[in-house]
Amino acid sequence: MNRFLKCIINFVGILSVSACVTSAAEEHTYITKTLKFNSTSRGEVKPVIAMIAIPINVAGPLPVIITQHGSSRDGMVFPRGGRTDEYSTRLITEGTKRGFAVVAIDAFYKTSIKPEDKRKFPNAHQYALDLKTLLVSDPRFDGANMFYTGFSYGAGQVNKSVDILTEFNSTPWRAVAAAEPGCNIISEPVRVPFPVLLIKGSESHYYLEPCFYFARLLRAAGVKVTLSVIDGANHFFSTDGQITEGVAVNGCRFNPVIRMKNHTLQFADGSPASRLLIRQKCITSEGGSGKNRFLLDGVIKQVLDFFALHQSKEKVIE
């Protein structure tokens with residue numbers, strides 16, 4: 001039977017939290033709560049919804065994983081609207097079993113954005129930062145153990161965690177994991193106090209080379225990074241992959257674009273870049289298909305093992 005918990009939380013600043021709903025999950029291993037708040041993307045205030053999955057009968061404060069869907073929301077549907085992808089759905093199931101609270105953001109909430117609308121995708125990294133600030137203030141959650149992950153588009157948002165222009169005056173992540181980022185557009189990195197895991201499929205249509213380059217940039221900046229390549233996996237961590245027609249940001253395979261500290265864009269070879277050049281050179285019609293996802297469970301385990309390895313044993317209690 002569903003249980004409903006109405007709550008109103010007042011928060012000073014750009015965030016406003018609305019009604020929350022708690023219901024028992026079918027697996028009976030966690031309960032869920034939907035959380036609505038306002039955040040910013042490209043200078044505009046945007047409504048965002050997230051679903052918090054809280055494991056049952058696990059003592060708190062709980063470590064938290066914030067997870068971001070890819071361009072297709074092909075997974076779980078939230079109570080009160082919103083949805084996520086298959087990656088985050090499986091992460092919720094397995095993460096709560098291991099004692100994590102898992103929070104899935106729907107970055108496309110109340111929009112008409114489709115997977116092919118790459119240029120309309122919002123800055124969901126800011127959504128995650130705003131959400132983290134809310135969760136750190138909640139005594140049910142452990143502010144010393146905040147993790148961030150995502151798949152595809154979501155993985156690209158995770159990669160922004162090392163952006164030299166990011167405000168680092170809030171509680172830092174404990175660790176982050178990007179599952180199948182494209183790495184064609186990356187950030188000039190700054191040294192951060194948390195480790196980074198990049199997971200790629202060897203047969204992905206988002207090719208390996210730009211992520212190898214990004215990993216080298218991270219190491220040069222003093223960031224602890226692990227790059228894991230799943231042999232035989234396509235972009236969807238499946239074994240039935242094929243190259244198909246579709247919109248993808250994978251044309252800068254050998255010369256990725258870097259967001260620089262001075263707010264300019266630059267190709268890896270040092271030549272100047274622009275939004276127009278990105279559209280011309282980086283966005284292609286070379287997509288990928290194949291979603292048997294035979295290798296996805298192993299990726300989920302790898303991410304959870306990585307977070308568990310780096311979890312702080314000293315819990316912060318407000």
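Sequence order sets the numbering: in each chain, residues are counted from 1 along the sequence as written. A pLDDT threshold of at least 70 governs which residues receive local features in this predicted model, and a stricter bar of 80 or more applies before side-chain atom pairs are shown or counted, although totals over entire chains, interfaces and linings include all residues. Calculation of side-chain values draws on the structure's entire complement of heavy atoms; hydrogens and water are dropped beforehand.

1. Description of the sheet that holds strand 8 (residues 185-187)
Consideration 1: A pair of strands is labelled paired if DSSP reports no fewer than 2 bridges between them. Each helix is a run of H or I in the DSSP string that is no shorter than four residues. Each strand is a run of E no shorter than two, and both are numbered from the N terminus. The strand order 8-12-13-14 describes an open sheet built from 4 strands, whose pairing is mixed. Looking at strand neighbours, the two that pair on one side only are strand 8 and strand 14 (272-273), the edges of this open sheet.
Consideration 2: Where strand 8 meets strand 12 (residues 257-259), 3 bridges bridge the pair, whose relative direction is parallel. Its bridge partner being in strand 12, Ser187 is matched across the sheet by Arg259.
Consideration 3: For this analysis, residues touch if any pair of their heavy atoms sits within 4.5 Å. Think of each axis as a best-fit line through the C-alpha atoms, taken over the contacting stretch in the case of a helix, with angles from 0 to 180 degrees between the N-to-C directions. Taken strand by strand, helix 4 (residues 209-220) contacts strand 8 and strand 12, and its axis lies near 5° from that of strand 8.

2. With respect to the environment of Pro122
Consideration 1: In this fold, Pro122 is placed in the loop between strand 5 (101-106) and helix 2 (124-136).
Consideration 2: Separated by 82 residues in sequence, Pro122 and Thr40 have C-alpha atoms that sit 9.0 Å apart.
Consideration 3: Apart from the residues within four sequence positions on either side, Pro122 is in contact with Ser41, Ala107, Phe108, Ile113, Tyr127, Tyr153 and Gln157.

3. What to know about the nonpolar core
Consideration 1: The biggest cluster of nonpolar side chains holds 50 residues, and the ones touching the most others in it are Ile66, Leu131, Leu135, Phe141, Trp173 and Val196.
Consideration 2: In terms of residue count, helix 2 provides more of this core than any other element does, 8 residues in total.
Consideration 3: Nine residue types can take part in a nonpolar core, namely buried Ala, Val, Leu, Ile, Met, Phe, Trp, Tyr and Cys, and a core is a set of them joined through side-chain atoms within 4.5 Å. Between buried and exposed lies partly exposed: a residue is buried under 20% and exposed over 50% of the maximum accessible area for its type, with that area taken using a 1.4 Å probe on protein chains only. Phe78, Leu304, Phe306 and Phe307 belong to the second largest nonpolar core, which has 32 residues in total.

4. Describing unusual backbone geometry
Consideration 1: Here the bond from Gly60 into Pro61 is cis, since omega is -5°, no more than 30 degrees from zero.
Consideration 2: Of note, Pro61 is situated in the loop between strand 3 (44-55) and strand 4 (62-68).
Consideration 3: Despite not being glycine, Arg80 shows a phi value in the positive range, around 65°.
Consideration 4: Within the fold, Arg80 resides in the loop between strand 4 and helix 1 (86-97).
Consideration 5: In this structure Arg80 comes out as partly exposed when scored by relative accessible area, which is 43%.

5. Brief notes about the packing of aromatic side chains
Consideration 1: Between rings of Phe, Tyr and Trp, where Trp is taken as its six-membered ring, a pair exists when centres lie within 6.5 Å; planes separated by under 30 degrees are stacked, by over 60 edge-to-face, and by other angles tilted. Under the criterion given, the structure shown has 10 aromatic pairs.
Consideration 2: For the pair Phe306 and Phe307, a centre-to-centre distance of 6.2 Å together with 50° between the ring planes defines the contact as tilted. The same class applies to Phe306 as to Phe307, namely buried.
Consideration 3: An aromatic cluster is built from Tyr87, Phe151, Phe236 and Phe237, whose rings are joined through pairwise contacts.
Consideration 4: By definition here, charges over rings are those cases where NZ of Lys or CZ of Arg is within 6 Å of the ring centre and within 35 degrees of the ring normal. Across the ring face of Phe267, the terminal group of Lys281 is positioned such that the distance to the ring centre comes to 5.2 Å.
Consideration 5: A cation sits over an aromatic face here: Lys291 above Phe236, 4.7 Å from the ring centre.

6. Some remarks on the confidence of the model for the protein
Consideration 1: pLDDT runs from 0 to 100 and stands for how confident the predictor is about each residue. Across the protein, the average pLDDT comes to 88, with 89% of residues at 70 or higher.
Consideration 2: For residues 1-27, every residue scores under 50 in pLDDT, and the model assigns this stretch 54 contacts once sequence neighbours within four places are set aside.

7. A look at a positive patch on the surface
Consideration 1: Among the surface-exposed residues, Arg42, Arg119, Lys120, Arg275 and Arg279 lie close enough to one another that they form a single positively charged patch.
Consideration 2: Position of Arg119 among the secondary structure elements: in the loop between strand 5 and helix 2. Only residues above 30% relative accessible area that lack a salt bridge enter a patch, with like-charged residues linked at up to 9 Å and the nonpolar side chains Val, Leu, Ile, Met, Phe, Trp and Tyr linked at up to 5 Å. Accessible areas in this description were obtained via Shrake-Rupley with a 1.4 Å probe; residue shielding takes into account the shown protein chains only. When a carboxyl oxygen of Asp or Glu lies within 4 Å of a side-chain nitrogen of Lys or Arg, that pair is called a salt bridge. Charge counting follows a simple rule: Lys and Arg are positive, Asp and Glu are negative, and His as well as the terminal groups are ignored. Charge coordinates come from a single atom per side chain, which is NZ of Lys, CZ of Arg, CG of Asp or CD of Glu.

8. A closer look at helix 1
Consideration 1: One less than the residue count of a helix, multiplied by 1.5 Å, gives the span that helix is expected to have. Taking 1.5 Å per residue as the helical rise, helix 1 with its 12 residues ought to reach 16 Å, and the 17 Å between its terminal C-alpha atoms agrees with that figure.
Consideration 2: All of the buried residues along helix 1 are Glu86, Tyr87, Ser88, Thr89, Leu91, Ile92, Thr93, Gly95 and Thr96.
Consideration 3: Within two residues after helix 1, Gly99 carries a phi angle of roughly 90°, on the positive side.

9. Let's talk about helix 6 (residues 296-309)
Consideration 1: Across its 14 residues, helix 6 extends 20 Å between first and last C-alpha, which sits within 8% of the 20 Å expected from 1.5 Å per residue.
Consideration 2: Packed against the buried residues of helix 6 are strand 4, helix 1, strand 6 (141-151), strand 7 (175-179), strand 9 (196-201) and strand 10 (225-230).

10. Notes on the side chain of Ser152
Consideration 1: When you line up the elements, Ser152 lands in the loop between strand 6 and helix 3 (153-159).
Consideration 2: On the basis of relative accessible area, Ser152 is assigned to the buried category, the value being 13%.

11. Notes on the pattern of salt bridges
Consideration 1: Taken as a whole and assessed by the stated rule, the structure comprises 13 salt bridges.
Consideration 2: Note that Arg98 and Asp305 form a salt bridge whose closest N and O atoms lie 2.8 Å from each other. Taken together, the residues span a long stretch of sequence, with Arg98 in the loop between helix 1 and strand 5 and Asp305 in helix 6 at a distance of 207 residues.
Consideration 3: Classification of Asp305 as partly exposed rests on a relative accessible area of 29%.
Consideration 4: The network of salt bridges with common partners includes Asp74, Lys291 and Arg293.

12. Let's talk about the pairing of strand 7
Consideration 1: Burial of strand 7 is extensive: 5 of the 5 residues sit out of reach of the surface.
Consideration 2: Sheet topology note: the strand 6/strand 7 ladder contains 5 bridges and is parallel. Across the sheet, the residue bridging to Tyr148 is Val176, located in strand 7.
Consideration 3: One ladder, built from 4 bridges, connects strand 7 with strand 9; its direction is parallel. Residue Ala179 lies in a different strand from strand 9, and its bridge partner there is Ile199.

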